[in-house]
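The primary structure of each chain is shown beneath.
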Amino acid sequence: MGIHHPTPDVHLKHGQRSPQRAQEKSFWISPHHSASNAPSAVRFFMPELQNDTLIRALLRQPTPYTPVWLMRQAGRYLPEYNETRRRAGSFLTLCKSPALATEVTLQPLERFRLDAAILFSDILTIPDAMGLGLYFAEGEGPRFERPLRDEAAVGKLAAPDPAGELRYVIDAASEIRRALAGRVPLIGFAGSPYTLACYMVEGGASDDWRIIKTMLYQRPELLHRILQVNARAVAALLNAQIEAGAQAVMIFDTWGGSLSAPAYREFSLAYIAEVLAHLKRERDSVRVPSIVFTKGGGQWLEEIAAVGCDCVGLDWSAELGDARRRIGERVALQGNLDPMVLLSTPDVVRREAARILESYGRGSGHVFNLGHGILQHTPPENVAALTAAVHELSPKFHHSD
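What you are looking at is a predicted structure, and each value in this text was computed from that prediction instead of being measured.

Calculation rules
- Here the residue numbers are simple positions, counted from 1 along each chain's written sequence.
- In view of the model being predicted, local features appear only for residues whose pLDDT reaches at least 70, and side-chain atom pairs are presented and counted only at 80 or more, with totals across whole chains, interfaces and linings using the full set of residues.
- Values reported for side chains reflect all heavy atoms of the structure, with hydrogen atoms and water molecules removed beforehand.
- Aromatic pairing here means that ring centres of Phe, Tyr or Trp (its six-membered ring) are within 6.5 Å. Orientation follows from the plane angle: under 30 degrees is stacked, over 60 is edge-to-face, and everything else is tilted.
- Counting from the N terminus, the helices are the DSSP runs of H or I reaching at least four residues and the strands are the DSSP runs of E reaching at least two.
- Relative accessibility under 20% of the residue-type maximum defines a buried residue, over 50% an exposed one, and the middle range a partly exposed one, all with a 1.4 Å probe and only protein chains included.
- Only the stretch in contact is used when fitting a helix axis, every axis being a line fitted to C-alpha atoms; angles between N-to-C directions are given from 0 to 180 degrees.
- Reported orientations rely on four angle classes, namely roughly parallel under 35 degrees, roughly antiparallel over 145, roughly perpendicular from 65 to 115, and oblique for the rest.
- Helix crossings get a hand from a simple test, with the near helix turned counterclockwise from the far one by less than a right angle marking a left-handed crossing and a clockwise turn marking a right-handed one.
- Between two residues, a contact is recorded if the distance between any of their heavy atoms is within 4.5 Å.
- Here the term charged refers only to Asp, Glu, Lys and Arg, the term nonpolar to Ala, Val, Leu, Ile, Met, Phe, Trp, Tyr, Cys and Pro, and the term polar to all other amino acids, Gly among them.
- If DSSP finds at least two bridges between two strands, the strands pair.
- Arc definition: it is the arc formed by the directions from the helix axis to the C-beta atoms.
- Between N or O atoms, a polar contact is any pair within 3.5 Å; within protein, one atom must be a potential hydrogen donor and the other a potential acceptor, and residues adjacent in sequence are included only when both atoms are from side chains.
- Here, the term nonpolar core denotes a set of buried Ala, Val, Leu, Ile, Met, Phe, Trp, Tyr and Cys residues that are joined through side-chain atoms within 4.5 Å.
- When a carboxyl oxygen of Asp or Glu lies within 4 Å of a side-chain nitrogen of Lys or Arg, that pair is called a salt bridge.

*Asks:* Explanation requested: the packing of aromatic side chains in the structure shown.
*Replies:* Between two aromatic rings, the relevant description is the distance of the centres plus the angle of the planes. Following the criterion strictly, the structure yields nine aromatic pairs and no others. Measuring from ring centre to ring centre gives 6.5 Å for Tyr77 and Phe112, while their planes differ by 15 degrees; the resulting arrangement is stacked. With Tyr77 in the loop between helix H1 (53–58) and helix H2 (79–88) and Phe112 in the loop between helix H4 (98–111) and strand E3 (117–118), the pair connects residues that are 35 residues apart, well separated along the chain. Taking relative accessible area as the criterion, Tyr77 reaches 6% and is therefore assigned buried. Residue Phe112 is classed as buried on the basis of its relative accessible area, which comes to 7%.

*Asks:* It is not clear to me how the packing of helix H8 (residues 193–202) against helix H10 (residues 220–244) should be interpreted in this structure. Could you clarify?
*Replies:* To describe two helices that pack against each other, one gives the angle between their axes and the distance between the axes. Look at H8 against H10: their axes get within 9 Å of each other, and the N-to-C directions meet at 120 degrees. One element, H8, and the other, H10, form an angle in the oblique class. As for how H8 packs across H10, the hand of that crossing is right-handed. Contacts between H8 and H10 involve Pro193, Tyr194, Leu196, Ala197, Met200 and Val201 on the former and, on the latter, Leu223, Ile226, Leu227, Asn230, Ala231 and Val234. Class assignment of the residues belonging to the contact of H8 with H10 gives a composition of 11 nonpolar, one polar and no charged.

*Asks:* How do you make sense of the pairing of strand E5 (residues 141–144) when you look at a structure like this?
*Replies:* Each regular strand shows side chains that alternate between the opposite faces of the sheet. Here strand E4 (residues 134–137) runs beside E5; their pairing, made up of four bridges, is antiparallel. Paired with Phe136 across the two strands is Pro142, which belongs to E5.

*Asks:* Hey, could you run me through H2 in this one?
*Replies:* One turn of an α-helix holds 3.6 residues; hence residues three or four places apart share an orientation. Three or more residues of H2 are buried, namely Tyr81, Thr84 and Ala88. Each buried residue of H2 sits inside an arc of 65 degrees when the element is viewed along its axis, so together they form one side. Looking at the packing, one finds that the buried side of H2 touches helix H3 (91–96) and H4. Following H2 by one or two positions, Gly89 has its phi on the positive side, about 95 degrees.

*Asks:* What am I meant to see in the sheet that holds strand E11 (residues 311–313) here?
*Replies:* Working definition: the strands of a sheet are paired by backbone hydrogen bonds and lie parallel or antiparallel to each other. Strand order across the open sheet formed by seven strands is E3-E6-E7-E10-E11-E12-E13, with parallel pairing between neighbours. Strands with a single pairing partner mark the edges of an open sheet, and in this sheet they are E3 and strand E13 (366–370). With three bridges connecting them, E11 and strand E12 (residues 332–337) associate as parallel partners. For Cys311, the partnering residue across the bridge sits in E12 and is Ala332.

*Asks:* Would you mind going over the environment of Arg149 with me for this structure?
*Replies:* Mapped onto the elements, Arg149 comes out in the loop between E5 and helix H6 (151–156). Those residues in contact with Arg149 that sit more than four places away from it in its chain are Val201, Glu202, Gly203 and Ile211. Separated by 2.7 Å, the side chain of Arg149 and the backbone oxygen of Val201 make a polar contact. Within the local environment of Arg149, its side chain forms a polar contact with the backbone oxygen of Glu202, the two atoms lying 2.8 Å apart.

*Asks:* Help me out: how do you make sense of the nonpolar core in this one?
*Replies:* In a soluble, globular protein the nonpolar side chains are often hidden away together inside. In terms of nonpolar packing, the biggest core is built from 135 residues, with Val312 and Leu386 touching the most fellow members. Considering each element in turn, this core owes the most residues, 14 residues, to H10. Once you skip the residues sitting within four places of it in the chain, Leu386 turns out to touch Leu70, Leu337, Leu342, Val349, Ala353, Phe368 and Leu370.

*Asks:* Is there a simple way to think about unusual backbone geometry in this case?
*Replies:* Outside of glycine, negative phi angles account for most residues, and trans bonds account for most peptide bonds. A cis amide bond links Gly335 with the next residue in sequence, Asn336, at an omega value of -5 degrees. In this model, Arg72 sits at a positive phi of 65 degrees, which is unusual for a non-glycine residue. If you trace the backbone, Arg72 turns up in the loop between H1 and H2. Since its relative accessible area comes to 45%, Arg72 is described here as partly exposed. Positioned with a positive phi, Ala181 is a non-glycine residue whose angle comes to about 50 degrees.

*Asks:* Hey, could you run me through the pattern of salt bridges in this one?
*Replies:* Note on pairing: side chains with opposite charge can pair once their charged atoms come close. Applying the stated criterion across every chain, the model contains 23 salt bridges. One salt bridge connects Arg87 with Glu103, and the closest N-O pair in it is separated by 2.3 Å. With a gap of 16 residues between them, Arg87 in helix H2 and Glu103 in helix H4 connect regions that are remote in the sequence. Residue Glu103 is classed as partly exposed on the basis of its relative accessible area of 29%. Bridged by salt links that share partners, the residues Glu243, Lys280, Arg283 and Asp284 form one connected network.

*Asks:* Help me understand the side chain of Asp115 in this model?
*Replies:* On the secondary structure map, Asp115 appears in the loop between H4 and E3. For Asp115, the side chain forms a polar contact with the side chain of Asn51, separated by 2.9 Å. Among the polar contacts listed, one links the side chain of Asp115 to the side chain of Tyr65, at a separation of 2.5 Å.

Quick look at the structure:
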């Protein structure tokens, strides 16, 4: 297979953009900025990446420093995000407007030294497109009007067409990619089949997930049916994001870690593997790396690394150096600063960032991130301190690459 890997340049000075070939890649994009094969599509040219450090790290290629991006880096801790959300009127309107999604995706890149943008969307767009009636209750988070509680509802479930009900996600991906103009890579994402099922069956968030776990043990065939549909939907959406311009993709398995080991393997990891088996691995002969993040999955790292992803995300409870010893020869690692550290002071943030870098040690294959998403009350100056610290402190771990 003719897969193109960017040629590493290990002599880059810290902070310098990695050079790429001068050629430009062409994409057919509709007037609404979505990946489309309609005859009315107009052609424009997309420049090569100016900063491909993230992609190299995900593929365990040499990098001049450790790349950094943050889960939920566009969010409520930023005043400019809150202003855009106010103009949108609701979170769902914000998600479903490609122009506004592009605006908020770019906001953290204007403030911080980040090495990637992540598509602004929500994992629950898939079940919403399935007709479950997503809404956000004040103080309660996401809810579904029509949760899956019986055989009839489960039997009617079908994977949505990304070019139909989820067209706004694809439009946003292509518009963001165009707006980035090669500045940094764009990460696409989706929730894992099991994490989506948690919300679809419970009807919203839960402290103990008792309804879906009851289904898991009493009617496993119903849950398997949901997960099969979800796996098809997740693979289709991620592939559509890749076609629209996403240069890496991530699967968020937020609630897989709430399962027992046998249940995790059967109901979560098996369906992540199914998604990965149907995932596009390259776009225009360039590799598109994949990241799998199971919150609370530190005890299953070897099994996660074996499902076919390029990178395994770690939450803050894992010890990064130990994880590298266990699976670092097979996959890259992403993480894993406790988000609570960002509620402290810039000095503490810098100290803890240094500790994470030391824990991973020398060499490539590490993407600096949090162990989960940025918290709402995080001071933006602490995020600035974190990204600055990673860029300043990490090059010494790469000199021998």
